[in-house]
Structure formats: structure tokens, C-alpha cells
Amino acid sequence: MSQLHDPGGVAAPTPEDLVQRVARGDEAAFGQLYEVLAGPIYGVVLRVLRDQAQSEEVAQEVLVELWRTATRYAPDKGSVLTWALTVAHRRAVDRVRSAQSSADREDRAGRLGAERPFDEVAEQVTARLEREQVRVCLKALTDLQREAVLLAYYRGYTYREVAELLGSPLGTIKTRLRDGLIRLRDCLGVA
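Going by the annotation in an unreviewed UniProt entry, the name recorded for the chain is RNA polymerase sigma-70 factor, ECF subfamily, with Allokutzneria albata given as the source organism. Heading Sequence similarities (unreviewed entry) of the UniProt record for the chain holds this comment: "Belongs to the sigma-70 factor family. ECF subfamily."

Undergrad: What should I look at first to understand the packing of helix 7 (residues 159–166) against helix 8 (residues 170–188) in this one?
TA: For any two helices packed against each other, the geometry comes down to the angle between their axes and how far apart the axes lie. Running from amino to carboxyl end, helix 7 crosses helix 8 at an angle of 110°, the nearest separation of the two axes being 9 Å. Overall, the two elements helix 7 and helix 8 adopt an arrangement that is roughly perpendicular. Within the contact between the two elements, helix 7 uses Tyr-159, Arg-160, Val-162, Ala-163 and Leu-166 and helix 8 uses Leu-170, Ile-173, Lys-174, Arg-176 and Leu-177. When the residues that make up the contact of helix 7 with helix 8 are grouped by side-chain class, the tally is 7 nonpolar, no polar and 3 charged.

Undergrad: Would you mind going over the pattern of salt bridges with me for this structure?
TA: Pairs can form between side chains of opposite charge once their charged atoms are near each other. Counted by the stated rule, this structure contains 9 salt bridges. A salt bridge links Arg-95 to Glu-57; the nearest nitrogen and oxygen atoms lie 3.2 Å apart. On the criterion of sequence distance, the pair formed by Arg-95 in helix 4 (residues 80–111) and Glu-57 in helix 3 (residues 52–69) is long-range, its members being 38 residues apart. Among the ionic pairs, Glu-132 bridges to Arg-135, the shortest N-O distance being 3.1 Å. Pair noted here: Glu-132 and Arg-135 are both in helix 5 (residues 120–139), with a separation of 3 residues, about one helical turn. For Glu-132, a relative accessible area of 41% puts it in the partly exposed group. The exposure class assigned to Arg-135 is partly exposed, which follows from its relative accessible area of 43%. Within the structure, one salt-bridge network assembled from shared partners comprises Glu-57, Glu-61, Glu-65, Arg-91 and Arg-95.

Criteria and cut-off values
Residues numbered from 1 in each chain as written. Predicted model: local features only at pLDDT ≥ 70, side-chain atom pairs only at ≥ 80, totals over all residues. Heavy atoms only, no water. UniProt positions renumbered as here; feature names shortened; annotations may be inferred. Axes fitted to C-alpha atoms, helices over the stretch in contact; angles between N-to-C directions. Helix = DSSP H or I, 4+ residues; strand = E, 2+ residues; numbered from the N terminus. Parallel < 35°, antiparallel > 145°, perpendicular 65-115°, else oblique. Contact = heavy atoms within 4.5 Å. Nonpolar A, V, L, I, M, F, W, Y, C, P; charged D, E, K, R; others polar. Salt bridge = Lys/Arg side-chain N within 4 Å of Asp/Glu carboxyl O. Buried < 20%, exposed > 50% of the residue type's maximum accessible area, 1.4 Å probe, protein only.

Shown next, in the form of C-alpha cells:
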């Protein structure tokens, strides 16, 4: 990334320069990095969570994590903005999953006293068989298709993020996913 310029014509440090300084414990550099990244991080988190208060909290957690893990930034894997937004997206998705898991636990606890329907065992067996069939069908995909499908549908990455992670063009990833999903559909016998 090229250097940023302030109105006085002095070259401001790039986010990459700032992260290197933050990794050495430079609080002033973190303040500058905060100014650059706080808005985009909040935007990504808000897009996932759709709740302003939770988004502010998660964005703050992400910025603290960036401060603590600045030494782990690898410039060869992408820009500071990409790294920060990836951390933000993952943290937001974790929050959604945590909330869903909590709601599921509460729902299960609420139903503990209720009598189990007769067919619950049959449903559990059917679900296990279906999961096993999905595993078998995933193994039938090409390595490239399987990797893309697992990242997108089991790890929660967007198509664009899958493309970045795999270092492939977005169109190629979309094709792999489409072809992989068609093969899965055919293998599973879904009409």
C-alpha cells in the first residue's frame, strides 16, 4: 500500500508500517491504526450482527485482539486491512454462533421436562445416516471443490473470502462451488 498523505504534505505511515510499530508496543501507532481501521471493522461486524450495541462491543474486541496479535500479521498473506477485516468477520460470526448455541441450549433445557415423542429415536438415526451420506458425498468431490465447499458452507466464509484464502479468482471459486454443490445434490439424490 502506498503511503498516505496528510494535508500538510507529509507522508503518513501506511497501515503496514503502523502494525510493525504496534507489534513493538507503540501505543501512538496503535492510535493511528485505530483511526484507519475502526470504521471498516465496525462496518463488517455490523453487517454480520445487525445490532449496533453488539457490533460496537465486537469491534472493540477485534481492535484489542489486533493490538495483542500484531506480531502475527504476515504481509505476504494480504494487507493489514484484509487481515483486520478477516479477524472482524470471524469474531462476528463467532458471536452469532455463540448466541445461536445459547438459544439452542435454552430451548433444549425448556424441553427437558417434556415427554419425548415416540419417533425421536428414529429421527436421530435418520439424521446420523444423512450426516454420514453427506460425508461420503463430500469425499466424492474433487479436492478443489471439497476445499471450497467446506470453507464456504462449514467454516462460514463468503465466496470472496474463500477466493482470497485459496488465492484463486472469485469466478473460479464460484464455479468450483456450483459444480461441487451440483455433485453433492446428485450424490445425495436431492430432486
